[in-house]
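Chain by chain, the residues run as shown.
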Amino acid sequence: MATLNFLTGNSGKLAEAQTLFGPLGWEIQAFEVDGEVPDVIEPQSDNLTTVALAKIAQAVELLASQNRLEESLLVEDSGLFIDALPEFPGVYSAHVLQSIGCDGILRLLDNQRTAYFLTVAALWTGEAVEVFIGRCDGTISTEIKGEGGFGYDPIFIPDESEDGRTFAEMTHEEKSAYSHRGRALRALFDYLDEDGA
Ligand code: IMP
C-alpha cells in the first residue's frame, strides 16, 4: 500500500482523506515531526492558492530537514465563500468561525443564501509541487443542523443534497462524493494514478 503524508492539524480533514484514499489502496498518514504535527505559518493573503503554496514550501523544508524528501506530502487550504458577502469569510474562514461561529453567519444572511466551498490541495510528489482545486456549490441553511463533520458543515447544504441535508448530516463517504475536498483529492488521486505512483 502506498503512503501519502498529510500535514494538517484538522482531524476531520485527515479522516475525510483516509475515507477517500483507503479504498483506492493509499494509506494517508498524518505528517508529524517528533510525534507532533508541526506548525506552519499561513501568510496573510486573499488567495487560497498562495496560502497552500506557502504551506507546501514550509512542509517540503521540514521533509528535507528529516531526510525524507523522496516521500510525497499533501497540504491543503479551504474556505467558504458566501455570495451575499463577497469574499467573506473566504480566506478568513478559520478566523470568522472562531469569532462569530456558524450562528454569526446565519445572523448575517437574509434571502440570498448561495455559497461555495473551495479547496486548494498542494502535493509534493517527491520531486515537484502540483496543485489541485475542488469546488462545491450549495446554500447556507437557515438553522444549524447535524452532529457530524467540522467547521461550517452544520450550515452548508451542497446542491447535490436532494433532501436538504447539511454536510454535518452526512457520512464521510457522502460528504466526500460532493465536497470541495473530495473533488480536489480525486483529481490528485487521478494524477498519482496516471503517474504510476
Ligand atoms: P483551513 O484554513 O483550510 O483549515 O480552513 C478554514 C476554515 O474553514 C476552518 O475554520 C475550517 O473549519 C473550515 N473548513 C475547511 N474545510 C471545511 C469543510 O469541509 N467543511 C466545513 N468547514 C470547513
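The rules behind each value
- Residues numbered from 1 in each chain as written.
- Predicted model: local features only at pLDDT ≥ 70, side-chain atom pairs only at ≥ 80, totals over all residues.
- Heavy atoms only, no water.
- Salt bridge = Lys/Arg side-chain N within 4 Å of Asp/Glu carboxyl O.
- Buried < 20%, exposed > 50% of the residue type's maximum accessible area, 1.4 Å probe, protein only.
- Phe/Tyr/Trp six-rings, centres within 6.5 Å; stacked < 30°, edge-to-face > 60°.
- Helix = DSSP H or I, 4+ residues; strand = E, 2+ residues; numbered from the N terminus.
- 1 Å grid on protein atoms, 1.4 Å probe; cavity = no way out; pocket = protein on both sides within 12 Å on 5 of 7 lines; lining within 4 Å.
- Points joined across faces, edges and corners; volume = space filled by probe spheres on them.
- Nonpolar A, V, L, I, M, F, W, Y, C, P; charged D, E, K, R; others polar.
- Expected span 1.5 Å × (residues − 1).
- Contact = heavy atoms within 4.5 Å.
- Polar contact = N/O pair within 3.5 Å; in protein donor to acceptor, adjacent residues only side chain to side chain.

1. Observations regarding the pattern of salt bridges
Side-chain pairs of opposite charge can arise where the charged atoms are in close proximity. Evaluation of the coordinates by the stated rule reveals 13 salt bridges. Glu 174 is the salt-bridge partner of Arg 165, the closest N and O atoms lying 2.6 Å from each other. On the basis of relative accessible area, Arg 165 is assigned to the partly exposed category, the value being 24%. One salt-bridge network, in which partners are shared between bridges, spans Lys 13, Glu 16, Glu 76, Asp 153, Lys 175 and Arg 181.

2. Observations regarding the packing of aromatic side chains
What the rule picks out here adds up to six aromatic pairs. With centroids separated by 5.3 Å and ring planes inclined at 35°, the aromatic side chains of Phe 156 and Phe 167 adopt a geometry described as tilted. Placement of the pair is Phe 156 in strand E6 (residues 156–158) and Phe 167 in the loop between E6 and helix H5 (172–178), with a sequence separation of eleven residues. On the accessibility criterion, Phe 156 (0% relative accessible area) is buried.

3. Examining the layout of surface pockets
Space inside the largest pocket adds up to approximately 1000 Å³. Residue lining of the largest pocket: 37 residues in total, with Lys 13, Glu 42, Lys 55, Asp 77 and Ala 94 positioned closest to the centre. Listing elements by their share of the lining of the largest pocket, those giving two or more residues are helix H2 (48–65), strand E3 (73–82), helix H3 (93–99) and helix H6 (180–194). Here the residues of the lining of the largest pocket sort into 15 nonpolar, 13 polar and nine charged.

4. Observations regarding H2
The first and last C-alpha atoms of H2 sit 26 Å apart over 18 residues, in line with the 26 Å expected at 1.5 Å per residue. Each element contacted by the buried residues of H2 is listed here: E3, strand E4 (114–124) and strand E5 (129–140). Structurally, the start of H2 carries an N-cap: the backbone nitrogen of Thr 49 is 2.8 Å from a side-chain oxygen of Asn 47. Just downstream of H2, Asn 67 is the residue with a positive phi angle, here 55°.

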